[in-house]
Amino acid sequence: MTAADRITDALYGLGWSTVKKLPEPVAVRLGNSIADLVWKQRGKGVQRLESNYARVRPDASPERLRELSRAGMRSYLRYWMESFRLPSWSEERIRSGFVPKDVHHLTDGLASGRGVILALPHLANWDLAGAWVTTELRTPFTTVAERLKPETLYDRFVAYREGLGMEVLPHSGGSAFGTLARRLRDGGLVCLVADRDLSASGIEVGFFGDTARMPAGPALLAQQTGAILLPVTLWYDDTPVLQGRVHAPIEVPESGDRAAKTSVMTQALADAFATGIADHPEDWHMLQRLWLADLDPAKGPS
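Residues numbered from 1 in each chain as written. Predicted model: local features only at pLDDT ≥ 70, side-chain atom pairs only at ≥ 80, totals over all residues. Heavy atoms only, no water.

A. Molecular detail of the layout of surface pockets. A volume near 520 Å³ is recorded for the second largest pocket. Taken together, 19 residues make up the lining of the second largest pocket; nearest its centre are Leu-11, Tyr-12, Ile-34, Leu-77 and Phe-84. Counting only elements with at least two residues in the lining of the second largest pocket, the list comes to helix 1 (3–18), helix 2 (24–41), helix 3 (44–56) and helix 4 (62–85). In the lining of the second largest pocket, the residues fall into 15 nonpolar, four polar and no charged. (1 Å grid on protein atoms, 1.4 Å probe; cavity = no way out; pocket = protein on both sides within 12 Å on 5 of 7 lines; lining within 4 Å. Points joined across faces, edges and corners; volume = space filled by probe spheres on them. Helix = DSSP H or I, 4+ residues; strand = E, 2+ residues; numbered from the N terminus. Nonpolar A, V, L, I, M, F, W, Y, C, P; charged D, E, K, R; others polar.)

Okay, structure coming up:
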C-alpha cells in the first residue's frame, strides 16, 4: 500500500471503531460539522454534486443549488455516520429505523418463488435498508461491491456488509453475474445499486433531459432467470427514520430482441429512480460524473 492508501484505510477503521461508540446526538452533530466543513471548501466532489443537482433542478438559482449541495453533503455524512454505527445497532433499532412503503411488492415477489431483484440509486442509506431486509424480513440477499483501493478498505466493506447479513460479490472478476443468476433461480433476493454504470456495457437512458449510462445487469438478470425486477427509492425526512418506497415491478417486454428489451427495462428503471431523486435531490449522493456530456474531463470537475 502507498502512504495515502494506509491513511485512507486507517481513517475508515477509526470511523468504524470510534463513531459507533458515540451517543447518537453526538454522531449527528459530528456528521453535520464535517459535512459543513467539506462543503465550505468547495472541492471537486462538492462541485460535481452541485452540477448534478443542476440537472435535476434546472430552474434552481445558484443560491438554491448551494443550499441543495450543503443539504446533500449533510445527507451524505448522515449515511456515513449511520453506516459506521450500524454494526452496533440492536435488531429493534434496525427494524424501527426504516419504514418502506408498498413493501408488499417485495414480500409477494419472494412468496412467488421466482426470485426478486431490488435495484436502487445512490439515495439516502441503502445499507440500512438492506439491514432492515435481513432483520425485519429475515431474508438474506446477495449484492455486488465495487473493488476499492486499498484492498484492505474493500475487505472492511465486505466484512461490514456480511456482518449485516449480506452476501457480497466483487464487481470485477466476471463471475458475479452467474452467481447472482443462480441465487435468483433458487428463489433468492438480489440487491443492486444501479444508477451509475461501472463498465463499458452500460445502457444509454434518458435521465433528467439528457443521456446517461446505467448498468444492464438488473434487466438482463430478470430476462434470463424470470425474477421480478423492483425499483426502490429511499429518502430522509426530519426524523431519525429512513423512508423508502418499493415501486411496482418492471415487466419484461413481450416483443423485441434481448438488447431491445434490456433498453426498455433499463429506461423504466431510470424513470423510477428519477421520481425519487426529483422529490429528494439532497439525498442523492452522486459526487461523480454521470451524464455522457459530462464525461469529457475538459468540461468540468470530476
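Right, picking up where we left off after that structure.
B. Main features of the packing of helix 9 (residues 176–185) against helix 10 (residues 217–225). It is at 10 Å that the axes of helix 9 and helix 10 come closest, and there the two elements cross at 50 degrees. Between helix 9 and helix 10, the interaxial angle falls into the category oblique. Like other packed secondary-structure pairs, helix 9 and helix 10 cross with a definite hand, here right-handed. Contacts between helix 9 and helix 10 involve Phe-177, Leu-180, Ala-181, Leu-184 and Arg-185 from the former and Gly-217, Leu-220, Leu-221, Gln-224 and Thr-225 from the latter. (Axes fitted to C-alpha atoms, helices over the stretch in contact; angles between N-to-C directions. Parallel < 35°, antiparallel > 145°, perpendicular 65-115°, else oblique. Left-handed = near helix turned anticlockwise from the far one by under 90°. Contact = heavy atoms within 4.5 Å.)

C. Just the pattern of salt bridges, in detail. Per the counting criterion, the structure on display carries 15 salt bridges. Where Arg-161 meets Asp-127, a salt bridge forms, and the shortest distance between an N and an O atom there is 2.9 Å. Of this pair, Arg-161 sits in helix 8 (residues 151–163) while Asp-127 sits in helix 7 (residues 126–136); the two residues are 34 residues apart in sequence, bridging distant segments of the chain. Both residues of the pair, Arg-161 and Asp-127, count as buried. Each of Arg-48, Arg-55, Asp-210 and Asp-294 takes part in one network of salt bridges that share partners. (Salt bridge = Lys/Arg side-chain N within 4 Å of Asp/Glu carboxyl O. Buried < 20%, exposed > 50% of the residue type's maximum accessible area, 1.4 Å probe, protein only.)

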